[in-house]
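Observations on the three-dimensional arrangement
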Amino acid sequence: MYRYRHRDEDDFAELAALADGSLDPERRAAVAARVAHSPELAALLAEQRRALALTNHAAATTETPHAFRARVAAEQRRPRRAALVAAFATATLATAVGAGILSSGRSADSLRVALRPTAVVPGAAGEATMTKTPSGWRIRLRAHGLPRLDRGRFYEAWLRSERGVLVPVGTFSEGTDVTLWAGVAPTRFTSLTVTRERNDGNQASSGEKVLAGTVVR
């Protein structure tokens, strides 16, 4: 198996050229074969293609600030052998544009969820704001129509991934003004639910959902 040499600039150049289709046809088959036998090379090639797609999109976006588009263009004009190194920084900037940080004025570090009622408490509703901090994601939840729970009963909030993995993010008695904390990113755990629970020693969700919503990016 071919082992990638991180300091070999010629390899960087050929991999970047393969990604954007400018590699000499005489070298294309050989480089593609090396990529096919190296998971590391394959990952770098995929990242380079993603970075190129993002930079091209960012440069073409009319709402993107001129200074940012100029920076993207400058990255694309840099020598081929530096392309892979530049791509990671450029991809981060382009992702910011795609998420609306620059084009819409909304930060990807602040997300919202509209919480809909369920059949358990049909008159309830609410919203949550998620803000990224050094300690994790702070979740400010405000709900109305939820009866106060006490005497061993409480509400519990959960973040859920597309694969169905549930992560508890806090408990509360009433939803007027609640602060919760998540150690997982709501960009990956995109569903927020609130369940009705009992102090019965069972840490799993009861399944009695009273509110549910999806993170808006």
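Predicted model only: the values in this text are computed from it and were never measured.

1. Remarks on the pattern of salt bridges
One pass over the structure, following the stated rule, counts 5 salt bridges. As a salt-bridge pair, Glu-174 and Arg-148 come within 3.6 Å of each other at their nearest N and O atoms. Pair noted here: Glu-174 is in the loop between strand 5 (166–172) and strand 6 (178–182) and Arg-148 is in the loop between strand 3 (136–144) and strand 4 (153–160), with a separation of 26 residues, a long-range link. Here Glu-208 makes a salt bridge to Arg-196, at a shortest N to O gap of 3.1 Å. Linking Glu-208 in the loop between strand 7 (191–198) and strand 8 (209–216) with Arg-196 in strand 7, this pair joins segments that are 12 residues apart in sequence. Residue class for Glu-208 comes out partly exposed when judged on its relative accessible area of 33%. According to the relative accessible area criterion, Arg-196 is partly exposed, its value standing at 23%. Here the salt bridges do not stand alone but share partners, grouping Arg-140, Arg-142 and Asp-177 into one network.

2. A word on the nonpolar core
Considering soluble globular proteins, one finds that nonpolar side chains tend to be buried as a cluster. Counting 27 residues, the largest nonpolar core has Met-130, Leu-141 and Leu-146 as the members making the most contacts within it. Counting only elements with at least two residues in this core, the list comes to strand 1 (110–117), strand 2 (125–133), strand 3, strand 4, strand 5, strand 6, strand 7 and strand 8. In terms of residue count, the dominant contributor to this core is strand 3 (4 residues). With residues near it in sequence (within four places) discarded, Leu-146 still touches Val-121, Ala-124, Tyr-155, Phe-172, Val-210 and Leu-211. By size, the runner-up hydrophobic cluster in this structure holds 10 residues, among which are Leu-15, Ala-19, Val-31 and Val-35.

Definitions and limits used
- Residues numbered from 1 in each chain as written.
- Predicted model: local features only at pLDDT ≥ 70, side-chain atom pairs only at ≥ 80, totals over all residues.
- Heavy atoms only, no water.
- Salt bridge = Lys/Arg side-chain N within 4 Å of Asp/Glu carboxyl O.
- Helix = DSSP H or I, 4+ residues; strand = E, 2+ residues; numbered from the N terminus.
- Buried < 20%, exposed > 50% of the residue type's maximum accessible area, 1.4 Å probe, protein only.
- Core = buried A, V, L, I, M, F, W, Y, C linked by side-chain atoms within 4.5 Å.
- Contact = heavy atoms within 4.5 Å.

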